[in-house]
Amino acid sequence: MAVTREVRLAADADLPAMYALRHDVFVIGQDVPVDLERDEHDGVCEHVVAYDDGTLVGTGRLLTPGQLGSEAGVAGVGRMAVRQVARGSGAGAAVLAALEARARERGFVAVELHAQQHALGFYERAGYAAFGEPYDEAGIAHLSMRKPLDTP
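Residues numbered from 1 in each chain as written. Predicted model: local features only at pLDDT ≥ 70, side-chain atom pairs only at ≥ 80, totals over all residues. Heavy atoms only, no water.

Visitor: An account of the overall build of the protein is needed here, citing residue identities and associated values.
Guide: Check the secondary structure of the protein and you find 5 helices and 7 strands. Over its C-alpha atoms the protein spans a radius of gyration of 15 Å, differing by no more than 12% from the 15 Å that the globule rule assigns to 152 residues. Each principal axis of the C-alpha atoms in the protein carries an extent, and together these give about 40 × 35 × 30 Å. Going through the 152 residues of the protein one by one, you find that 43% of them count as buried. Contacts in the protein between residues at least 24 apart in sequence constitute 61% of all its contacts with a sequence separation of at least 6. Here the protein has roughly 7700 Å² of accessible surface; of this, 55% comes from carbon and sulfur atoms. Averaging the locations of the 14 positively and 22 negatively charged side chains of the protein gives two centres separated by 4 Å. (Helix = DSSP H or I, 4+ residues; strand = E, 2+ residues; numbered from the N terminus. Rg over C-alpha atoms; globule rule 2.2 N^0.38 Å. Buried < 20%, exposed > 50% of the residue type's maximum accessible area, 1.4 Å probe, protein only. Contact = heavy atoms within 4.5 Å. Areas by Shrake-Rupley, 256 points an atom, 1.4 Å probe, with all protein chains shown as cover. Lys, Arg positive; Asp, Glu negative; His and termini not counted. Charge placed at Lys NZ, Arg CZ, Asp CG, Glu CD.)

Structure (C-alpha cells):
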C-alpha cells in the first residue's frame, strides 16, 4: 500500500510533535546537549514538516541571512531531522525541496547549511557543494554547504 506524504509549512499545532522529533533525533540519537537543540531562532524562522499517513516523519527550518550570519540573499537550512523508520524514503529530500521552494518564494538566491559529515552525500545529491574546512558543532563534525537556487 502506498504511503500518503504531506509536506508543508508547519502550523502552531505541529510544533510540539516537531520539537519531539528533533529531540529524538538530535538529543537522544546524537547526544546533542538539550540546551543547544532549541535556540532563539526557532520562534522566528519558518519550519517545514513532512507527514506519512498522518505521522510526522521529518522536519527542517528556514533561516534568514540575519539569523544565519550569511550575506544578503542567502537563506539557511537547519535542524533537518527525519525519523529513523522514514530514512531512505525520500522524506528528507521532500523537506529540503520544500525549504528551497520557500526560499525561492522569499527571493533568496542561494541556500546554505551546516551538514553533518555523515550526511554530505545526501546534500551533494540535492545539488549542494561543500566549502571551507570541517568544524565541530555540538560535538559533531560538520561542513558548510551551499546551493544556488537557480539550480533545479
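Visitor: Give me the side chain of Glu112: which residues, what numbers.
Guide: Take Glu112: it is sitting in strand E5 (residues 110-116). Among the polar contacts listed, one links the side chain of Glu112 to the side chain of Arg146, at a separation of 2.6 Å. (Polar contact = N/O pair within 3.5 Å; in protein donor to acceptor, adjacent residues only side chain to side chain.)

Visitor: Give a detailed account of the layout of surface pockets, specifying residues and quantitative values.
Guide: Estimates place the volume of the largest pocket at around 930 Å³. Considering the residues around the largest pocket, the lining is formed by 35 residues, among which Phe26, Arg79, Met80, His114 and Gln116 are closest to the centre. Of all the elements in the fold, those that place two or more residues in the lining of the largest pocket are helix H1 (15-30), helix H2 (34-37), strand E3 (55-63), helix H3 (65-68), strand E4 (74-82), E5, helix H5 (120-125) and strand E7 (140-148). By residue number, the principal contributor to the lining of the largest pocket is E4, which donates 6 residues. (1 Å grid on protein atoms, 1.4 Å probe; cavity = no way out; pocket = protein on both sides within 12 Å on 5 of 7 lines; lining within 4 Å. Points joined across faces, edges and corners; volume = space filled by probe spheres on them.)

Visitor: Please set out the pattern of salt bridges residue by residue, giving values where relevant.
Guide: All told, the structure shown has 14 salt bridges when counted by the stated rule. Of the charged contacts, one joins Arg79 and Asp39 as a salt bridge, the two residues approaching to 3.2 Å between their closest N and O atoms. Here Arg79, found in strand E4, pairs with Asp39, found in the loop between H2 and strand E2 (46-52); they are 40 residues apart in sequence, far enough to count as distant. Residue Asp39 is classed as partly exposed on the basis of its relative accessible area, which comes to 24%. One salt-bridge network, held together by shared partners, links Arg22, Glu37, Asp39, Asp42, Arg61 and Arg79. (Salt bridge = Lys/Arg side-chain N within 4 Å of Asp/Glu carboxyl O.)

Visitor: How would you sum up the sheet that holds E5? Please name residues and give values.
Guide: Read across the open sheet, the 7 strands follow the order E1-E2-E3-E4-E5-E7-E6; overall the sheet is mixed. Two strands bound the open sheet, and with one partner strand each, they are strand E1 (5-9) and strand E6 (129-137). Adjacent strand axes in the sheet meet at a mean angle of 25°, parallel and antiparallel pairs treated alike. Here 7 bridges tie E2 to E3, and the two strands are oriented antiparallel to one another. Across the sheet, residue Glu46 finds its bridge partner in E3, namely Leu62. (Pairing = 2+ DSSP bridges. Axes fitted to C-alpha atoms, helices over the stretch in contact; angles between N-to-C directions.)

Visitor: Please provide a residue-by-residue account of H1, values included.
Guide: For H1, with 16 residues, the first-to-last C-alpha span of 21 Å sits near the 22 Å given by 1.5 Å per residue. Along its length, H1 shows its largest kink, about 30°, at His23. Where H1 is concerned, the buried positions are Met18, Tyr19, Leu21, Arg22, Val25, Phe26 and Val27. Immediately downstream of H1, the backbone of Asp31 shows phi near 60°, a positive value. (Expected span 1.5 Å × (residues − 1). Bend = angle between axes of the 7 residues up to and from the residue.)

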